[in-house]
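# Results of the structural survey
Residues per chain are reported as follows:
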Amino acid sequence: ALDSMFCVLAFNSIVPDADFLFLSAMLKNGSEFAEWINNLTGRDCVFADPLWKPSRQARGVVLYERQALDAIRSRALEIQKDEDAKKGKAAKGLRKPAQGALTCLPFALFGLQHNWLKDNSASCTIVKISDTPITLTGKLFPRNEGGSKEKWINLTPNANKVAAQIAASAARNGLKGIVFVNSKVTAASTAREISKLLGDAPEATPDEQARWDALKSELGDLKHSLIPAPAAAVPHSAQMIRQERDLAERLYRRADGAQVIVATPTLAQGLNLPAHIAILAGDKRSDPDDGEREALEAHEILNAAARAGRAGHLANGIVLLVPEPILQFSKTDEIRHDVVQKLQSVLPEDDRCLTLSDPLQVILDRISAADLTDGDVEYALNRLTTAIAPEDGELAASSRFVVKKSFAKFLADRRNAVEGFNAKVKRLNEVLAERSKEADDKVLGELAAQSGAPIAVLRTLRQRLIDGIGALPSSISGWASWIISWLEQDDTARDAILIRDRRAILGAAGLKKDGALTGDAVKRLEAGISAWLTGAPLCDIERQLGGDPDDKFVCPQARELISQVIPLSFSFAAGLVSHTALEIEDIANGTATPIAVIECLAAGVRRGFDMPSKLAFADIKRGFLGRVQAHEAFAETIMDPPEFENTADYQNVIDRMRAYLAFSAG
């Protein structure tokens, strides 16, 4: 959010005549935001807010008849007593036969969304959604009523399996479905469950087969894939590598392909697939840090719901929420309040559930409260490192933009809170002035403003580079090891650059994700990163990280490394090293290390190439479906590689590689 606001303000400052287009279906205060853009640009900003939508949906929540729930509880308790008697002791939890008795016919309370009608009315009805009972789960508890030793079964929704059964039933009736689960791990297992229920898998097309071949090369074997073959249901999550997600989407888009796709809510916004029905497996998730369950935000639920009946694909859609806890109804009583509340979570009066605020206001509030150690505050101050307080420094701080043009200032004007806002900006100026005493180096200040990295970290990085001149690496893989050593030894740099990806780094290193980010944890990544850069498949990267791909087939450590650590924090670190190095004369002139290596260091790390020549080869040849394929083609094509890297810059490498390939072809 901070980057977005900095981008809007800076872009307007640099290119003041440029127009903006902002898109959202969920803003409550869209007109207010449009007025701010009007003030910012000095031009009219049109706020388009049509209530009518080009598709309609029946949205509902899954629930069960109360009498049926009471009956399965009683039956399960009877079985539990019988099993306890057979075993000669009382079990603390539900025994398997008792658990198996917890099956019940599912119903749904549906409301048809008519948000284009004046009274926002919704027609509601309860319908049975399956003729086959679905399996719930339960936990055994003592009643503790009047000293009674009776047991009680607390029924739980078994959301993923229930969603899988509903999706399979819908697919059998010709409805393409998308299921949203709340963790990337359960996306794959739920897809397998649905595929098992549906049976026959689609055949791969010739185009898909080429992609399966590329995926096999990338992984080392398709047994390591989260989708090892075409299936009736496919997962779609951040745990998957790019080639897997591409295949999942291609299979699902086909009319005769996968009938169900299982995704996580974080990916809901990016999916534009032809779903007849969207099923939300639960409206809670586990917090990764403390394990506590927390409710999904309203916009997350509505984002997921909006995947059904997409305009341009289908005119109608069905949305079903499998809620937590279980909802129940009685045929003789009115609908309970908790049921109505759950229905309203997927069937609001309209989808405008987000009030847009300015993240800079949060930063100003924290600075005013002297909370300067907060990570977001530190990042914002680093981005504002080059800010120069104008003569009326009490009112604004400016760099590429002025804070007084921010959305926060606009809102302060609207709410008669300008005096408080100015006081907070004054404090911001004071903090920036104090920090500017350390930021006497304009080059480092500019780099801090661009990257958000602390000047102190950039200063020690530059000194480390200067001290190492004469022994600097000459390849991308060599520089990757140099970066690992730097981050291993420099605690301050490690925390500043890597802390946001701490859990992913610890996971890739094979350590507990709730542990500390130590130098040893970073060092453990070195062999895996080296394997990534030299074209090794996923299974070999897993081995280099200390994992066993023959035990954990999907290579979880390698997936953490290449899906999160490398494209995010490690590429960022490589970019910092590259930009800092290019400001040092002995490096910039190419005498200390090949200049082409420094220029494409971040790109090489991110894309998985250990030499500029390989990166140039992939850029020129194109068409490769995977990193490993590009490495293999390079080895086959460039039989005796010339010294491309000793040239002036990366463009020269491109030119020489193009000439070499043309000569070889001739």
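Further up the page is the structure itself.
Residues numbered from 1 in each chain as written. Predicted model: local features only at pLDDT ≥ 70, side-chain atom pairs only at ≥ 80, totals over all residues. Heavy atoms only, no water.

## Observations regarding the nonpolar core
In this structure, Ile 483, Trp 486, Leu 525 and Leu 561 are the most contacted members of the largest nonpolar core, which totals 112 residues. Counting residues per element, this core draws most heavily on helix α23 (residues 556–581), which supplies 11 residues. Not counting residues up to four positions away in its chain, the partners in contact with Ile 483 are Phe 570, Ala 573, Ala 574, Val 577 and Leu 601. Judged by nonpolar contacts, the second largest core, of 41 residues, contains Leu 94, Ala 164, Ala 170 and Leu 320. (Core = buried A, V, L, I, M, F, W, Y, C linked by side-chain atoms within 4.5 Å. Buried < 20%, exposed > 50% of the residue type's maximum accessible area, 1.4 Å probe, protein only. Helix = DSSP H or I, 4+ residues; strand = E, 2+ residues; numbered from the N terminus. Contact = heavy atoms within 4.5 Å.)

## Concerning the state of the cysteines
Tallied over the full model, the rule gives 0 disulfides. Cysteine Cys 555 remains unbridged, with the sulfur of Cys 539 as its closest cysteine sulfur at 6.1 Å. Of the residues examined, Cys 555 reaches a relative accessible area of 0% and is grouped as buried. (Disulfide = S-S within 2.5 Å.)

## Overview of unusual backbone geometry
Geometrically, the link from Glu 324 to Pro 325 is a cis peptide bond, its omega value of 5° lying close to zero. Looking at where Pro 325 falls in the secondary structure, it is placed in the loop between β14 (316–322) and β15 (328–329). A positive phi is found at Ala 370, a non-glycine position, where the angle reads about 65°. Mapped onto the elements, Ala 370 comes out in the loop between α11 (359–368) and α12 (375–383).

## A closer look at the pattern of salt bridges
Oppositely charged side chains are able to pair whenever their charged atoms sit close together. In total, this model carries 37 salt bridges according to the counting rule given. Of the charged contacts in the structure, one is a salt bridge between Glu 35 and Arg 414, with a shortest N-O distance of 3.1 Å. One end of the pair, Glu 35, is in helix α2 (residues 30–41); the other, Arg 414, is in helix α13 (residues 407–414), with 379 residues separating them in the sequence. For Arg 414, a relative accessible area of 42% gives the class partly exposed. Of the charged contacts in the structure, one is a salt bridge between Arg 607 and Asp 619, with a shortest N-O distance of 2.9 Å. Pair noted here: Arg 607 is in helix α26 (residues 601–607) and Asp 619 is in helix α27 (residues 612–621), with a separation of 12 residues, a long-range link. (Salt bridge = Lys/Arg side-chain N within 4 Å of Asp/Glu carboxyl O.)

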